[in-house]
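Spelled out from the first residue to the last, the chains are:
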Amino acid sequence: MSFPWAKEYTPTTDFGQWMDKQLPLPRFVYNSVGAGYPAPRNLNYMWNFGSMAGLFLVIQIVTGIILAMHYAANAGVAFDSVEHIMRDVNSGWMIRYAHANGASFFFIAIYLHIGRGHAKCCGCSA
Amino acid sequence: MATVETADTAVAEESGVRRRDFINIAAVSFAGAGAVATVFPLVNQMNPSADVLALSSIEVDISAIETGQSIKTSWRKQPIFIRNLTEAEIAEANAVDVAGLRDPETLAERTTAGKENWLITLGVCTHLGCVPLGAAQGEIKGEFGGYFCPCHGSHYDTAARIRKGPAPTNLVVPEHEFLSDTVVKIG
């Protein structure tokens with residue numbers, strides 16, 4: 001997402017230029033969320049919920065994969081494997097709670113994000 | 001960025017460090033600390049879990065083992081010999097010239113200070129892994145009065161050191177500590 005009118009990403013250090021040539025990941029971030037992605041002045045806090053929804057999606061994927069490593073999808077041992085996660089796995093209780101609450105917050109963020117687009121006016125200057 | 005800051009417009013402190021530099025460094029440091037705090041549990045969950053750690057050590061009650069007797073128990077699925085050495089066996093082990101042994105170790109190095117009579121070893125021959133004889137009553141103790149492996153004839157002395165036969169090293173002494181006079185924790 002780079003725009004011809006936006007500020008060009010110009011690394012100043014030698015390492016920055018080398019990195020930009022090898023793997024332009026900083027350029028991607030700069031053009032997506034940095035100064036290379038100009039946004040209107042009248043955005044308010046409601047515009048935070050899009051990236052928050054994205055963050056919660058990442059949290060759900062990461063914690064979900066980790067939980068799947070310790071979970072057994074078998075009716076005979078599934079309950080025990082969840083208790084194993086809650087009691088024995090290091091920080092397992094926190095990863096499981098993050099996954100459960102992250103699901104709720106993902107919906108909260110996504111509804112507010114959708115609602116911001118549908119609302120006629122939500123604090124904007126129009 | 002709302003304003004473009006150049007060297008001309010920047011308000012330089014006397015030290016040459018701008019306030020914005022300080023804020024940038026502080027913000028990145030704060031974010032870095034948060035990232036470490038987030039990643040730590042995600043990595044730590046790969047370490048041995050509490051139920052695995054609970055199995056990795058055992059506590060053994062040794063109060064019923066009379067002098068000269070020994071017991072077999074198991075630890076991490078391997079046999080363990082706990083032997084209460086007699087005074088004669090201790091004297092015999094200490095009388096050996098350590099420098100001449102295949103795997104030089106003194107009895108004191110293989111036992112806990114003050115409890116030299118408690119010889120705790122893995123019951124696994126260091127040659128090919130058989131369980132040596134000598135721990136149970138009536139079993140052959142070998143030519144040196146300790147343990148004898150019947151598979152290929154390794155003789156261990158009263159400090160469970162290899163003295164004769166094919167085994168390359170002494171019987172392994174696992175990490176252990178005495179929780180009290182009657183309870184030893186292995187592992």
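Now for a quick tour of the structure.

## Quick word on the sheet that holds strand E1 (residues 58–61) of chain B
Residue and element names in this part refer to chain B.
Part 1 of the reasoning: Read across the open sheet, the three strands follow the order E1-E9-E8; overall the sheet is antiparallel. One side of each edge strand has no neighbouring strand; the edge strands of this open sheet are E1 and strand E8 (176–178). Averaged over all pairs of adjacent strands, the angle between their axes in this sheet comes to 25°, without regard to strand direction.
Part 2 of the reasoning: Strand direction decides the pairing type here: E1 and strand E9 (residues 183–186), joined by four bridges, are antiparallel. Bridge assignment links Asp61 to a residue of E9, and that residue is Val183.

## Topic: the state of the cysteines
One covalent bond between the sulfur atoms of two cysteine residues makes up a disulfide.
Residues and elements named next belong to chain B.
Part 1 of the reasoning: Tallying each qualifying case throughout the model produces one disulfide over all chains.
Part 2 of the reasoning: A disulfide bridge connects Cys130 with Cys151, and the sulfur atoms are separated by 2.1 Å. As the torsion about the S-S bond is roughly -100°, the Cys130-Cys151 disulfide counts as left-handed. Of this pair, Cys130 sits in the loop between strand E4 (118–122) and strand E5 (145–149) while Cys151 sits in the loop between E5 and strand E6 (154–157), and the two are 21 residues apart along the sequence.
Part 3 of the reasoning: On the basis of relative accessibility, which here comes to 39%, the residue Cys151 falls in the partly exposed class.
Part 4 of the reasoning: With no disulfide of its own, Cys125 has Cys149 as its nearest cysteine by sulfur position, at a separation of 3.8 Å.
Part 5 of the reasoning: Take Cys125: its relative accessible area is 3%, and that puts it in the buried class.

Reading the values: rules and limits
- Residues numbered from 1 in each chain as written.
- Chains lettered and ligands numbered in written order.
- Predicted model: local features only at pLDDT ≥ 70, side-chain atom pairs only at ≥ 80, totals over all residues.
- Heavy atoms only, no water.
- Pairing = 2+ DSSP bridges.
- Helix = DSSP H or I, 4+ residues; strand = E, 2+ residues; numbered from the N terminus.
- Axes fitted to C-alpha atoms, helices over the stretch in contact; angles between N-to-C directions.
- Disulfide = S-S within 2.5 Å.
- Buried < 20%, exposed > 50% of the residue type's maximum accessible area, 1.4 Å probe, protein only.

These values are about where atoms sit, not about what they do.
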